[in-house]
Amino acid sequence: MPQLIFLCGFMGSGKSTIGQLLATELGIDFQDLDLKIEENAGKSIPDIFKDSGETGFRRIERETLLQVIRNSEGVVALGGGSLQDQQLVDHIKLNGLLVFIETPISVILERICKDESRPLLLDKEGKLKSREKLKDELISLYKNRLPFYEQADIRLVNDGQQTAQNIAEQLLKKIKTHVSSY
Ligand code: S3P
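Read on for a plain summary of the structure.

Quick notes on the rules
- Residues numbered from 1 in each chain as written.
- Predicted model: local features only at pLDDT ≥ 70, side-chain atom pairs only at ≥ 80, totals over all residues.
- Heavy atoms only, no water.
- Near = heavy atom within 4 Å.
- Polar contact = N/O pair within 3.5 Å; in protein donor to acceptor, adjacent residues only side chain to side chain.
- Areas by Shrake-Rupley, 256 points an atom, 1.4 Å probe, with all protein chains shown as cover.
- 1 Å grid on protein atoms, 1.4 Å probe; cavity = no way out; pocket = protein on both sides within 12 Å on 5 of 7 lines; lining within 4 Å.
- Sits in = over half its atoms within 2 Å of the grid points.
- Helix = DSSP H or I, 4+ residues; strand = E, 2+ residues; numbered from the N terminus.
- Nonpolar A, V, L, I, M, F, W, Y, C, P; charged D, E, K, R; others polar.
- Buried < 20%, exposed > 50% of the residue type's maximum accessible area, 1.4 Å probe, protein only.
- Contact = heavy atoms within 4.5 Å.
- Salt bridge = Lys/Arg side-chain N within 4 Å of Asp/Glu carboxyl O.

Taken together, 13 residues form the shell around the ligand, and within it Lys15, Asp34, Arg58, Arg118 and Arg145 come nearest. Within the side chain of Asp34, an N or O atom sits 2.7 Å from an oxygen atom of the ligand. Within the backbone of Gly80, an N or O atom sits 2.8 Å from an oxygen atom of the ligand. Coverage of the ligand by the protein amounts to 94% of the 380 Å² it exposes when considered alone. In this structure the site holding the ligand corresponds to the largest pocket. Sorting elements by how many residues they give to the shell around the ligand places helix H3 (residues 45-71) first, with three residues. Among the residues forming the shell around the ligand, the class breakdown is five nonpolar, three polar and five charged.

Looking at where Ser13 falls in the secondary structure, it is placed in the loop between strand S1 (4-8) and helix H1 (15-26). Relative accessible area serves as the criterion here: at 1%, Ser13 is assigned to the buried category. Here Ser13 is in contact with Ile18, Ile101, Thr103, Arg111 and Asn158, once residues within four sequence places are set aside.

Turning to the pattern of salt bridges, a few remarks are in order. The final tally for this structure, using the stated rule, is 14 salt bridges. The residue Arg155 makes a salt bridge to Glu102 at a minimum N-O spacing of 2.9 Å. Taken together, the residues span a long stretch of sequence, with Arg155 in strand S5 (residues 154-157) and Glu102 in strand S4 (residues 97-102) at a distance of 53 residues. Judged by relative accessible area, which is 36%, Arg155 ranks as partly exposed. Note on Glu102: relative accessible area 21%, which makes it partly exposed. Of the charged contacts, one joins Lys129 and Glu137 as a salt bridge, the two residues approaching to 2.7 Å between their closest N and O atoms. Given the relative accessible area of 16%, Lys129 is considered buried. Residue Glu137 is classed as partly exposed on the basis of its relative accessible area of 28%. Within this structure, Glu54, Arg58 and Glu61 form a network of salt bridges that share partners.

Here is the structure:
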């Protein structure tokens, strides 16, 4: 098994839930990059965005990810925007296995459109953006991020029709097949 297994995908794709279940199946550690960022910064993600903006958040996110790659083993659930550039994607793939949890944007929208804990979904006044605006913005963000997600070694669809446990089991099978083919 690779020492590190990274789960990437858009907000609300189920990275953390599936990642935790996968780690349990494999009997290895699980880390959620968002939680690690909050631990490092000593404040919540919404507060990081408030105090340092998205640019400040991305800097802490990158530093935390590089630190996790250096010091950890196990399954790591990334944030939806963690794959910031090609160099970072290459570095991740050099150090572990990258999995893309692919979820249709319509399912994502249903899951996250009322979630006030995700700063990208809020307007300048801190209120949830309208559904129409969110839809347009998320589609465009998804398109920009897809070329990075698509470089994953393994791709798995989570369309909301199956349980997280089921998806984690499918993922485990795919990982075993992938590893044994090398
Ligand atoms: C973000 C996704 C969030 C979190 C932050 C920014 C993004 O993580 O890192 O709010 O840019 O898509 P999840 O993908 O776990 O929601």
